[in-house]
Amino acid sequence: FDPVIKMAQNMGIKSKLLPTYSLALGASEVNLLELTNAYATLAAGGIYREAHGIRRITNGRGEVLYDTQIKSRRVVDQDSVAIATWMMQNVVNSGTGQAAQIGRPVAGKTGTSEQARDLWFIGFV
């Protein structure tokens, strides 16, 4: 389980992940920002950049008061990204995510909680 948990952490998951076989099915809860970070890493070809809301703040004179220092690093190799993207494109093309078809390539994953209490889709173009 350790390599899977380490990769998830490298892709932006900060929540505690339980080392169980059901980990791949979503047995551990993560927040939406963490999940978005992980999918953005795949969309960026395996390059992780931490999500941020404010890039730069300037005052009325144009002086920079705050500037985000975005650090990027490769956390997933390109072959693994290609395979994961291909699988997630098939979710949209011929699987449970067909409603997400928008006339261009889309990669994503659907999710359903117990007794269909929660239904969701997350992906990227």
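For the structure, see preceding data.
Residues numbered from 1 in each chain as written. Predicted model: local features only at pLDDT ≥ 70, side-chain atom pairs only at ≥ 80, totals over all residues. Heavy atoms only, no water.

Asker: Describe in detail the overall build of the protein chain, supporting the description with residues and values.
Answerer: For the protein chain, the helix and strand inventory stands at 3 helices and 6 strands. Sequence-ordered secondary structure for the protein chain, helices as α and strands as β, is α-α-β-β-β-β-α-β-β. Intrachain contacts of the protein chain at a sequence separation of at least 6 include 33% that bridge at least 24 residues. For the protein chain, the computed accessible surface area is about 9000 Å², with 55% contributed by carbon and sulfur atoms. Between the centroid of the 13 positive side chains of the protein chain and the centroid of its 10 negative side chains there is a distance of 7 Å. (Helix = DSSP H or I, 4+ residues; strand = E, 2+ residues; numbered from the N terminus. Contact = heavy atoms within 4.5 Å. Areas by Shrake-Rupley, 256 points an atom, 1.4 Å probe, with all protein chains shown as cover. Lys, Arg positive; Asp, Glu negative; His and termini not counted. Charge placed at Lys NZ, Arg CZ, Asp CG, Glu CD.)

Asker: Help me get a handle on the packing of aromatic side chains, residues and values and all.
Answerer: Evaluated as defined, the whole model comprises 1 aromatic pair. Ring plane angle 65° and centroid distance 5.2 Å describe the contact between phenylalanine 1 and tyrosine 21, whose orientation is recorded as edge-to-face. Here phenylalanine 1, found in the segment before α1 (2-10), pairs with tyrosine 21, found in the loop between α1 and α2 (32-43); they are 20 residues apart in sequence, far enough to count as distant. On the accessibility criterion, phenylalanine 1 (40% relative accessible area) is partly exposed. Using a relative accessible area of 77% as the deciding quantity, one classes tyrosine 21 as exposed. (Phe/Tyr/Trp six-rings, centres within 6.5 Å; stacked < 30°, edge-to-face > 60°. Buried < 20%, exposed > 50% of the residue type's maximum accessible area, 1.4 Å probe, protein only.)

Asker: Provide a residue-level description of the nonpolar core, including the pertinent values.
Answerer: Met11, Leu17, Leu42, Met88 and Phe124 are the most contacted members of the largest nonpolar core, which totals 18 residues. Of all elements in the fold, only α1, α2, α3 (78-94) and β6 (119-124) reach the threshold of two or more residues within this core. (Core = buried A, V, L, I, M, F, W, Y, C linked by side-chain atoms within 4.5 Å.)

Asker: Provide a residue-level description of the pattern of salt bridges, including the pertinent values.
Answerer: For the coordinates displayed, the defined rule picks out 4 salt bridges. Lysine 14 serves as the salt-bridge partner of glutamate 50, at 2.8 Å between the closest nitrogen and oxygen. Of this pair, glutamate 50 sits in the loop between β1 (47-49) and β2 (56-58) while lysine 14 sits in the loop between α1 and α2, placing them 36 residues apart in sequence. Residue glutamate 50 is classed as partly exposed on the basis of its relative accessible area, which comes to 42%. Here lysine 14 falls in the exposed class, since its relative accessible area comes to 59%. In this structure, aspartate 67 engages arginine 56 in a salt bridge whose closest nitrogen and oxygen atoms are separated by 3.7 Å. Within this pair, whereas aspartate 67 is found in strand β3 (residues 64-67), its partner arginine 56 is found in strand β2, the two being separated by 11 residues in sequence. With relative accessibility at 48%, the residue arginine 56 sits in the partly exposed group. (Salt bridge = Lys/Arg side-chain N within 4 Å of Asp/Glu carboxyl O.)

Interpretation note: all reported values are geometric properties and have no functional meaning in isolation.
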